[in-house]
Amino acid sequence: MNEEQLLKTPLHDLHLELGGKMVGFAGYHMPVQFPLGIMGEHKHTRSKAGLFDVSHMGQVTIHGANAALDFESLVPVDIFDLKPLTQRYALFTNDQGGIDDDLMVSNAGDHLFVVVNAACKDRDLEHMRSNLSDCNVKMLEDRALLALQGPAAASVMARIAPETSDMVFMDWRPLDINGIRCFAGRAGYTGEDGFEISIPADAADDFARKLLAEDEVEMIGLGARDSLRLEAGLCLYGHDLDSTTTPVEANLLWSMQKVRRADGERAGGFPGAEVIFNQLANGASRKRVGFDVVGRAPVREGAELQDGKGNKVGQITSGGFGPTLEAPVAMGYVSNEYSTIGTGLVALVRNREIKVNVAKMPMVEQRYHRG
Amino acid sequence: MSLKYTADHEWVKPEADDIVLVGITEHAQEMLGDIVFVELPEIDSSFNQGDDISVIESVKAASELKAPVSGSIVAINEALADEPATVNDDPTGAGWFCRIRLSDPSELDNLMDEAGYKAILT
């Protein structure tokens, strides 16, 4: 895709003004880093608060008399019992049990509010429109999405929007910020406490500048977003998850509530349920795990994993350097028999053998505010 | 002697006896971002101009250092193993990569001087 065809987020001018290094990402001009650098941005987010522009993601509203129940036909997740003004992680599955996207679903009271990945949003919109025929599915094109993440996020938000102070992890609600209608969820993609705030596009620049004027807040690019989520053990769609990985293989069973499982009250009814239930009962042949890497050389996406005798047993799907860990960090898929924590394997990097050990995820403790 | 430069953003500093010191430029370190690992060549190994001699890993990605001249490696900067960020902090000083004994000293004539290198950056 050439430069001119890339879309701009409502914060584009601000990114340029702040010295953002811009790259093409999912069809958008996005900042990969600012002058602070990926390492500095990562550490700043873990110690204070980072502001992320995630306006490239798809924001969708779903209205319908039975929207929650209808939506359950697309995800192996309990949406019907999702309490008003809370949100939940979900997966769009396909007929093979694979994952077509991962998303956040909020119960907005009289409708659902859904956030999907930028690279999948056109396909997701078509998928929802064609399968939720009794619902009105609308992509909100005129809103920005900002994330404020880090241990100081809550105190910064409390100064600007005091009504956020009693929210806990996975709460979601409409907010009035100086007369501007926003929605905020207390969640994120860094493993830290924080908020994701949907705001009208024409108010986003002012709001971002207001946040950046607070001492604790720095603008953060996609580079640090990736290293933060990797340390937190969170999946990146298109890398750690794709249309061939099932929720069982991806180790995302926690996102499938009992009520939707084989013996649940509303069992199945989502694409690929038979495949997924079969794997739940009999096990899958591979599993997503995290790795500690011995030494300093990063092990990156695509690196083959071997058992030490030259047999391929898996592959790295995300890897890099973890600035908080001050060590390389990686995740990938291995054959089930090698998925136990502590299992020693070998990753091939430029034909060299790098020792890795299956490790507990997340690598860096999640610090969500659960109240 | 003054530094010579390649279009791949490496610098070469001629020392005595056909030996040169090699590193990456300020511009290169800035483009790479935070460097977290450097894989250096083995001492006594030989390379032709343009061969990959080293791997530089930043937080973002891995990139190759190409041999700016042909020759054999006579020394490597061992300190980079524990402190790879030295390349960011002082790319033309303490962040040097290796010393190469030139096999064809005339290759130096093909490298750019500072004015020539600055011209390709603009």
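Keep in mind that what you see is a predicted model, and the values were worked out from it rather than measured. (Residues numbered from 1 in each chain as written. Chains lettered and ligands numbered in written order. Predicted model: local features only at pLDDT ≥ 70, side-chain atom pairs only at ≥ 80, totals over all residues. Heavy atoms only, no water.)

> What is the right way to read the interface of chain B and chain A from this model?
Every contact between the two is made by 16 residues of chain B and, on the other side, 14 residues of chain A. Buried area between chain B and chain A, both sides added, is near 1400 Å², and the carbon and sulfur share of it is 50%. Summed over the three residues of chain B that lose the most area to chain A, namely B:V36, B:V59 and B:K60, the buried surface amounts to 38% of that side. Scanning the region where chain B abuts chain A turns up 4 salt bridges. Between B:E57 and A:R300 there is a salt bridge, with the nearest N and O atoms lying 2.6 Å from each other. Residue assignment for the side of chain B that touches chain A shows that the elements contributing at least two residues are α1 (26-32), β4 (35-39) and β6 (52-58) of chain B. Looking at the side of chain B that touches chain A residue by residue, the classes come out as 9 nonpolar, 1 polar and 6 charged. (Contact = heavy atoms within 4.5 Å. Buried area = accessible area lost by both parts, 1.4 Å probe. Salt bridge = Lys/Arg side-chain N within 4 Å of Asp/Glu carboxyl O. Helix = DSSP H or I, 4+ residues; strand = E, 2+ residues; numbered from the N terminus. Nonpolar A, V, L, I, M, F, W, Y, C, P; charged D, E, K, R; others polar.)

> How do you make sense of the sheet that holds strand β7 (residues 62-66) of chain B when you look at a structure like this?
Adjacent strands of a sheet pair through backbone hydrogen bonds, lying either parallel or antiparallel. All names here are of chain B. The strand order across the open sheet formed by 3 strands is β4-β6-β7, and the pairing between neighbours is antiparallel. Looking at which strands have only one partner, the edges of the open sheet turn out to be β4 and β7. Recorded for the sheet is a direction-independent mean angle of 25 degrees between the axes of neighbouring strands. Relative to β7, β6 is paired through 5 bridges, and the arrangement is antiparallel. The residue bridging V55 from the neighbouring strand is E64, located in β7. (Pairing = 2+ DSSP bridges. Axes fitted to C-alpha atoms, helices over the stretch in contact; angles between N-to-C directions.)

> Explain the packing of helix α2 (residues 37-47) of chain A against helix α7 (residues 222-231) of chain A to me, please; I cannot follow it from the model alone.
How two helices pack is summed up by the angle between their axes together with the distance between the axes. All names here are of chain A. With their axes 8 Å apart at the nearest point, α2 and α7 run at an angle of 55 degrees to one another. The angle between α2 and α7 falls in the class oblique. Both α2 and α7 take part in a crossing whose hand is right-handed. When α2 is examined against α7, the residues I38, E41, H42, T45 and R46 are found in contact with a partner set consisting of G223, A224, S227, L228 and E231. Within the contact of α2 with α7, the residues separate by chemical class into 3 nonpolar, 4 polar and 3 charged. (Parallel < 35°, antiparallel > 145°, perpendicular 65-115°, else oblique. Left-handed = near helix turned anticlockwise from the far one by under 90°.)

> So what exactly am I meant to see when it comes to the environment of B:S45 here?
Residue and element names in this part refer to chain B. With respect to the helices and strands, the residue S45 is situated in the loop between β4 and β5 (46-47). S45 sits 27 residues away from S72 along the chain, and the two C-alpha atoms are 5.5 Å apart. Sequence-distant contacts of S45, that is, excluding residues within four places in its chain, are made with G71, S72 and I73.

> Looking at this structure, I do not really get a negative patch on the surface. What am I missing?
All names here are of chain A. Taken together, D122, E141, D142 and D202 make up a surface patch of like negative charges. Note on placement: E141 falls in the loop between β8 (136-139) and β9 (143-149). Using a relative accessible area of 66% as the deciding quantity, one classes E141 as exposed. (Patch = residues over 30% accessible without salt bridge, like charges linked within 9 Å, V, L, I, M, F, W, Y side chains within 5 Å. Areas by Shrake-Rupley, 256 points an atom, 1.4 Å probe, with all protein chains shown as cover. Lys, Arg positive; Asp, Glu negative; His and termini not counted. Charge placed at Lys NZ, Arg CZ, Asp CG, Glu CD. Buried < 20%, exposed > 50% of the residue type's maximum accessible area, 1.4 Å probe, protein only.)

> Honestly, the pattern of salt bridges in this entry has me stumped. Any pointers?
Here the idea is simple: oppositely charged side chains can pair when their charged atoms come close. All names here are of chain A. Tallied over the full model, the rule gives 25 salt bridges over all chains. One salt bridge in this structure joins D226 and R229, with 2.9 Å as the shortest N-O distance. Pair noted here: D226 and R229 are both in helix α7, with a separation of 3 residues, about one helical turn. On the basis of relative accessible area, D226 is assigned to the partly exposed category, the value being 32%. Members of the salt-bridge network, linked through shared partners, are E72, D78, D81, R88, R260 and R266.

> How do you make sense of the sheet that holds strand β4 (residues 58-63) of chain A when you look at a structure like this?
All names here are of chain A. One open sheet holds the 5 strands; their spatial order is β5-β6-β7-β4-β8, and the pairing between them is antiparallel. Whereas interior strands pair on both sides, the edge strands pair on one side only; in this sheet they are β5 (87-93) and β8. Strand after strand, the sheet turns through a mean of 30 degrees between neighbouring axes, direction not considered. By the bridge criterion, 5 bridges tie β4 to strand β7 (residues 112-116) in an arrangement that is antiparallel. Counterpart to I62 in the pairing with β7 is L112. Where helix α4 (residues 121-131) meets the sheet, its contacts fall on β4, β5, β6 (99-107), β7 and β8, and the angle it forms with β8 comes to roughly 165 degrees.

> Help me understand the domain arrangement of chain A, please; the structure alone is not making it clear to me.
Often, the extent of an interface is quoted as the loss of accessible area on bringing the components together. Residues and elements named next belong to chain A. Split by domain assignment, chain A resolves into domain 1 (3-56 + 141-231) and domain 2 (285-371). Computed from C-alpha coordinates alone, the two centres of domain 1 and domain 2 are separated by 29 Å. Between domain 1 and domain 2, the contact holds 16 residues from the first and 21 residues from the second. The three residues of domain 1 that bury the most area against domain 2 are F169, L230 and E231, which together make up 43% of that side's buried surface. There are 2 salt bridges connecting domain 1 and domain 2. The partner of E326 in a salt bridge is K43, and the shortest N-O contact between them spans 3.9 Å. Put simply, domain 1 and domain 2 have 12 residue pairs in polar contact (both at pLDDT 80 or more) between them. Among the secondary structure elements, those contributing two or more residues to the side of domain 1 that touches domain 2 are α2 and α7. (Domains from an automatic or database assignment. Polar contact = N/O pair within 3.5 Å; in protein donor to acceptor, adjacent residues only side chain to side chain.)

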